[in-house]
Amino acid sequence: MIDLSVRIKNLKFETPFLNASGVWCTTENEIDEILKSEAGGVVFKTMTLEKRVGNPEPRLYVTDDFSINSMGLPNLGVDYYCQIASKLKKYQKPLIASFAGFKEKEFYILAEKIDNTDFDGLEVNLSCPNLEGKGIFAYDLDLSFKILKNLKKITKKVIGVKLPPYNDRETIKKIAEKFLQLKIDFVTLINSYPLGAFIDTKNERLVIKPNQGIGGLGGRVLKPISLAQVILFHKFSQGKIDIIGVGGVETGDDVYQYILAGAKLVGVGTRLLKGPKIFSNLKKQLEKIFREKKINKIEDKLGQLKDY
Ligand code: DHB
């Protein structure tokens, strides 16, 4: 019998597939569709204190190989998501709230609101690349660690952090060691590569409008970058912090690679733009790989890369 279920602390996911926050998770209808699919749970669109319309269009460009976005955090506001969480509880799948503040203090207000609801877990988004005039919190390690330490005092719910890619092993090691100390339950690796651009040669202009036409890079090209982050984080955290692998997940084979790298679950971003049907395909394809390799459960292969 193949069992694709996994746990992060007390939360049980019947399959290891999630949406990557941002895709197909802004309205109640979209979230409902994810919960009706073969996804094991749902991560909501990153919520802010106030509702936001986001950046001007065109703000998303998609090809088979990559996507570039500068959405600018369009979302319906924390109060809306807290309210619909209680309705969506009926699916009995983990509901994860992704949230981001513009200032340090806003993270605490948001966490207090979310803590008082039917959300099962929190994903702290320290890696949004698209806020004009703002840096990425996660590139300021001291501030990030301070925020997380305080959030741990505010909520007892399962708590994870969405990180951007880093360019050196030392930083990943430092973060993994600090997260062990802080008792962070999971990390989501990774958000989009922050600086992506593509030029439409016919019109001689960039394909998106906001932020000088430069936005977060996602999709297939992100997978090698993301796999390296997962492998290193898994190693430096001694496999003690659960990882959600995100970046270029399209097939069961991609999912299997993330499992070998050390990710217990995966999030689907760019490919989910075509709709939640992808989750049943991923399930069939991963089950086929497990059958052929005579694997019963994900934990048996988690981080089990072979040496040369
Ligand atoms: C947006 C993009 C991100 O990559 C993210 O983590 C949060 C928000 C956005 O532009 O909406």
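Residues numbered from 1 in each chain as written. Predicted model: local features only at pLDDT ≥ 70, side-chain atom pairs only at ≥ 80, totals over all residues. Heavy atoms only, no water.

Asker: I'd like a description of the packing of aromatic side chains, backed by residues and values.
Answerer: If you walk through the whole model with that rule in mind, you get 12 aromatic pairs. Aromatic pair Tyr 61 and Phe 198: ring centres 5.7 Å apart, planes at 25°, arrangement stacked. One end of the pair, Tyr 61, is in strand S5 (residues 60–62); the other, Phe 198, is in the loop between strand S11 (193–196) and strand S12 (199–200), and 137 residues separate them in sequence. With a relative accessible area of 32%, Phe 198 lands in the partly exposed category. Connected via pairs of aromatic rings, a cluster forms that spans Phe 44, Tyr 80, Tyr 81 and Phe 119. (Phe/Tyr/Trp six-rings, centres within 6.5 Å; stacked < 30°, edge-to-face > 60°. Helix = DSSP H or I, 4+ residues; strand = E, 2+ residues; numbered from the N terminus. Buried < 20%, exposed > 50% of the residue type's maximum accessible area, 1.4 Å probe, protein only.)

Asker: Can you explain the nonpolar core? Please cite residues and give values.
Answerer: Of all hydrophobic cores here, the largest spans 91 residues; its most connected members are Phe 44, Phe 99, Phe 119, Leu 151, Phe 179 and Phe 233. Apart from residues no more than four positions distant in its own chain, Phe 44 is found in contact with Ser 21, Cys 25, Ile 31, Tyr 81, Ile 84, Leu 88, Leu 95, Ile 96, Ser 98 and Phe 119. (Core = buried A, V, L, I, M, F, W, Y, C linked by side-chain atoms within 4.5 Å. Contact = heavy atoms within 4.5 Å.)

Asker: Any details on the sheet that holds strand S14 (residues 215–218)? Residues and values, ideally.
Answerer: Pairing within the open sheet is antiparallel, and its four strands lie in the order S5-S6-S14-S11. This sheet does not close on itself; its edge strands, each paired only once, are S5 and S11. Neighbouring strand axes in the sheet, compared pairwise and without regard to direction, differ in orientation by 30° on average. When strand S6 (residues 67–69) meets S14, the two strands line up antiparallel, connected through three bridges. Of the residues in S14, the one forming a bridge with Ile 68 is Leu 217. (Pairing = 2+ DSSP bridges. Axes fitted to C-alpha atoms, helices over the stretch in contact; angles between N-to-C directions.)

Asker: How would you sum up the environment of Ala 20? Please name residues and give values.
Answerer: If you trace the backbone, Ala 20 turns up in the loop between strand S3 (17–19) and helix H1 (28–36). Sequence separation between Ala 20 and Val 207 is 187 residues, and the spatial gap between their C-alpha atoms is 23 Å. Excluding its chain neighbours within four sequence positions, the residues that come into contact with Ala 20 are Cys 25, Val 246, Gly 267, Val 268 and Gly 269.

Asker: Explain the layout of surface pockets to me, and be specific about the residues and the numbers.
Answerer: What the largest pocket holds in volume is close to 770 Å³. Ser 21, Gly 22, Val 23, Asn 69 and Met 71 are, among the 41 residues lining the largest pocket, the residues nearest its centre. For the lining of the largest pocket, the elements supplying multiple residues, two or more each, are S6, S14 and strand S16 (265–268). Across the lining of the largest pocket, the residue classes break down as 16 nonpolar, 19 polar and six charged. (1 Å grid on protein atoms, 1.4 Å probe; cavity = no way out; pocket = protein on both sides within 12 Å on 5 of 7 lines; lining within 4 Å. Points joined across faces, edges and corners; volume = space filled by probe spheres on them. Nonpolar A, V, L, I, M, F, W, Y, C, P; charged D, E, K, R; others polar.)

Asker: Let's hear about the site of the ligand: which residues, and what values?
Answerer: Lys 45, Asn 69, Met 71, Gly 72, Leu 73, Pro 74, Asn 125, Cys 128, Pro 129, Asn 130, Asn 191 and Ser 192 make up every residue found near the ligand. Note that an oxygen atom of the ligand is positioned 2.9 Å from one of the side-chain N or O atoms of Lys 45. Taking Gly 72, its main chain carries an N or O atom lying 2.7 Å from an oxygen atom of the ligand. Assessed atom by atom at 2 Å from the grid points, the ligand resides in the largest pocket. Here the shell around the ligand is built from residues that sort into five nonpolar, six polar and one charged. (Near = heavy atom within 4 Å. Polar contact = N/O pair within 3.5 Å; in protein donor to acceptor, adjacent residues only side chain to side chain. Sits in = over half its atoms within 2 Å of the grid points.)

Asker: Outline the pairing of strand S10 (residues 186–189), listing residues and values.
Answerer: Of the two faces of S10, the one holding Phe 186 and Thr 188 and the one holding Val 187 and Leu 189 are both buried throughout. Chirality of the crossover, the property in question, places the unit of strand S9 (residues 158–163), helix H5 (residues 169–182) and S10 among those that are right-handed. (Right-handed = clockwise from strand over helix to strand, strands pointing away.)

Asker: Run through the state of the cysteines, naming residues and quoting values.
Answerer: Linking two cysteines covalently through their sulfur atoms gives a disulfide. Counted under the stated rule, the structure contains zero disulfides. With no disulfide partner, Cys 82 has as its closest neighbouring cysteine sulfur the one in Cys 25, 15 Å distant. (Disulfide = S-S within 2.5 Å.)

Asker: Give a description of the pattern of salt bridges that names residues and reports values.
Answerer: Scanning the model with the defined rule gives 19 salt bridges in all. Note that Asp 118 and Lys 89 form a salt bridge whose closest N and O atoms lie 3.9 Å from each other. With Asp 118 in the loop between helix H3 (104–115) and strand S8 (121–125) and Lys 89 in the loop between helix H2 (78–88) and strand S7 (95–99), this residue pair connects regions lying 29 residues apart in the sequence. For Lys 89, a relative accessible area of 43% gives the class partly exposed. One salt bridge in this structure joins Glu 292 and Lys 288, with 3.3 Å as the shortest N-O distance. Taken together, the residues Glu 292 and Lys 288, both in helix H8 (residues 278–292) and four residues apart, mark about one turn of the helix. By sharing partners, the salt bridges in this structure join Asp 65, Arg 220, Glu 250 and Arg 271 into a single network. (Salt bridge = Lys/Arg side-chain N within 4 Å of Asp/Glu carboxyl O.)

Geometric values such as these leave the question of function open.
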